[in-house]
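These are the residues of each chain, in order.
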Amino acid sequence: MEKHIQSKGAIGIFDSGYGGLTILKTIREYMPEYDYIYLGDNARTPYGTRSFEVVYDFTLQAVKKLFDLGCQLVILACNTASAKALRSIQQIDLPLIDKQRRVLGVIRPTAECIGAITNNRHVGIFATTGTIKSESYIMEIHKLFPDITVTGEACPMWVPLVENNEYQSQGADYFIQQHINRLLKNDPLIDTIVLGCTHYPLLYNKIREYTPSHIHIIAQGEYVAHSLKDYLQRHQEMDKRCTKQGKCRFLTTESKEKFKESASIFLKQDDLKIESISLE
């Protein structure tokens, strides 16, 4: 049965952790007039090591919560949720919940930009174990560009480095060099690397330092923001259902203090007002 709770609302941004804040930050820079609700399932992060079924269940809970808060459009600013849950939610759940609402991910917009960036059609992906195992980037890129060779490299230590504020430490260099070397050993022809996790932009400077200068490095935020702006321009009916007062709410399943401390790493802000919620 369809539920129509509100006809207008903020744009929902969901992530299992804090990395989605890098997406939110860029989207707000592109589209500051819109209202946003950021929801982090920080108490149950990380999603990257969880099964498809668990990620789907958790993500659907978050989407329903954002719908209950009036969101007409929800962005899964989480590569793992986009890889493991997005398709099922779009095809199975949305028709039952509300055919007018939309849930979008971050993998498709990133894949769309690849063709214009790579010169020799060899692309590498750095991502969590769950995203690499799902092969979502390979599938999305091949739908658009079947001639591109895609090589994935799982980097399980990179998210903890960021969330523990160790991403600028010398200890981070070892893990970054290790995965760059592995990726380029598997395909020495790579000329473009996608940072397929929303945490990884904070590691960009170190990744750039240890990556050959001719290789392009793509962080997702700019492409996701551009894609969202284009989507709303093409879908005026949805744009009219998004409120525009320039406001932003932050919700977390973790303690407000913990979220505020960690969010400051990503947003460089200390004055955030945080609300604690439960998804279970």
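Here goes a summary of the coordinates provided. (Residues numbered from 1 in each chain as written. Predicted model: local features only at pLDDT ≥ 70, side-chain atom pairs only at ≥ 80, totals over all residues. Heavy atoms only, no water.)

### Some thoughts on the pattern of salt bridges
Pairing between side chains of opposite charge can happen when their charged atoms approach one another. Heads up, the rule is: The term salt bridge refers to a pairing of a side-chain nitrogen on Lys or Arg with a carboxyl oxygen on Asp or Glu at a separation within 4 Å. Helix and strand definitions follow DSSP, with helices as H or I runs of at least four residues and strands as E runs of at least two, each counted in order from the N terminus. Note on classification: 1.4 Å probe, protein chains only; a residue is buried when its accessible area is under 20% of the maximum for its type, exposed when over 50%, partly exposed between these limits.
This structure, assessed with the given rule, holds 13 salt bridges. Across the pair R87 and E140 runs a salt bridge whose closest N-O atoms are separated by 3.7 Å. Taken together, the residues span a long stretch of sequence, with R87 in helix 4 (residues 86-97) and E140 in helix 7 (residues 136-144) at a distance of 53 residues. For R87, a relative accessible area of 46% corresponds to the partly exposed category.

### Points about the layout of surface pockets
Once rolled over the atoms, a probe with the size of a water molecule shows which space is left empty. Where we set the bar: Cavities and pockets are defined on a 1 Å grid built over the protein atoms alone: a cavity is a set of grid points where a 1.4 Å probe fits but cannot escape, while a pocket is an open set with protein on both sides within 12 Å along at least five of seven lines, and lining residues are those with an atom within 4 Å of any such point. Grid points are joined across faces, edges and corners, and a volume is the space filled by probe spheres set on the points. Residue classes follow a fixed rule: Ala, Val, Leu, Ile, Met, Phe, Trp, Tyr, Cys and Pro count as nonpolar, while Asp, Glu, Lys and Arg count as charged, and any other residue, Gly among them, counts as polar.
By volume, the largest pocket amounts to about 710 Å³. Forming the walls of the largest pocket are 30 residues, and the residues nearest its centre are L86, L104, G105, R108 and P109. Every element with two or more residues in the lining of the largest pocket is listed here: helix 3 (79-84), helix 4, strand 4 (102-104), helix 5 (107-114), helix 7 and helix 11 (220-234). Of all the elements, helix 11 adds the most residues to the lining of the largest pocket, at 8 residues. Class assignment for the residues of the lining of the largest pocket results in 15 nonpolar, 7 polar and 8 charged.

### Quick look at the packing of helix 1 (residues 20-30) against helix 13 (residues 256-267)
In plain terms, the rule: Orientation is described by axes fitted as lines to C-alpha atoms, over the contacting stretch for helices, and by angles from 0 to 180 degrees between their N-to-C directions. Angle categories: roughly parallel below 35 degrees, roughly antiparallel above 145, roughly perpendicular from 65 to 115, and oblique for all the rest. Crossing handedness is read from the near helix: turned anticlockwise from the far helix by less than a right angle, it gives a left-handed crossing, and turned clockwise, a right-handed one. Note on contacts: a residue pair qualifies if any of its non-hydrogen atoms lie within 4.5 Å across the two residues.
The N-to-C vectors of helix 1 and helix 13 enclose an angle of 55°; their axes lie 9 Å apart at closest approach. As judged from the angle between their axes, helix 1 and helix 13 are oblique. For helix 1 against helix 13, the interelement crossing comes out right-handed. On the side of helix 1, the interface is formed by L21, T22 and K25, while helix 13 contributes F259, A263, F266 and L267. Residues that form the contact of helix 1 with helix 13 fall into these classes: 5 nonpolar, 1 polar and 1 charged.

### Focus: helix 9 (residues 170-186)
Here is the rule: The span you would expect from a helix comes to 1.5 Å times its residue count less one. Throughout, the arc means that of the directions going from the helix axis to the C-beta atoms.
The end-to-end C-alpha distance of helix 9, which contains 17 residues, comes to 25 Å, matching closely the 24 Å that a straight helix rising 1.5 Å per residue would cover. Listing the buried residues of helix 9 in full gives A172, D173, I176, H179, I180, L183 and L184. Each buried residue of helix 9 sits inside an arc of 150° when the element is viewed along its axis, so together they form one side. More than 90 degrees from the buried face of helix 9, the exposed residues found are Y174, N181, K185 and N186. Where helix 9 is buried, its residues meet strand 5 (122-127), strand 6 (149-154), helix 8 (158-163), strand 7 (192-195) and helix 10 (204-210).

### Topic: the environment of V150
Here V150 is to be found in strand 6. With relative accessibility at 13%, the residue V150 sits in the buried group. Sequence-wise, V150 and L195 are 45 residues apart; in three dimensions their C-alpha atoms are separated by 13 Å. Apart from the residues lying within four places of it in its own chain, the contact partners of V150 are V123, I125, I138, I141 and H142.

### Let's talk about the nonpolar core
Rules: Working definition of a nonpolar core: buried Ala, Val, Leu, Ile, Met, Phe, Trp, Tyr and Cys residues. They are joined through side-chain atoms within 4.5 Å.
Core analysis: the biggest nonpolar cluster contains 53 residues, and L21, F126, L232 and F250 have the highest contact counts within it. Residues within four places of F250 in sequence aside, it is in contact with L21, L24, R28, Y38, F259, L267, L272, K273, I274 and E275. Formed by 26 residues, the second largest nonpolar core is a distinct cluster that contains A10, V63, L76 and A85.

### Let's talk about the packing of aromatic side chains
We count it as follows: Side-chain rings of Phe, Tyr and Trp (the six-membered ring for Trp) are treated as a pair once their centres are within 6.5 Å; stacked means planes under 30 degrees apart, edge-to-face means over 60, and tilted covers the remaining angles. Here, over-ring charges are defined by two tests on the NZ atom of lysine or the CZ atom of arginine: distance to the ring centre within 6 Å, and angle to the ring normal within 35 degrees.
Tallying each qualifying case throughout the model produces 10 aromatic pairs. A ring pair is formed by F250 and F259, whose centres lie 6.4 Å apart and whose planes are at 50°; its orientation type is tilted. Like F259, F250 is buried. Taken together through their ring pairs, the aromatic side chains of Y18, Y38, F250, F259 and F266 make up a single cluster. Positioned above the aromatic ring of F58, the side-chain terminus of R44 is 3.6 Å from the ring centre. One cation-aromatic arrangement involves K84 over F52; the distance from NZ or CZ to the ring centre is 5.2 Å.

That's the geometry; what it means functionally is another story.
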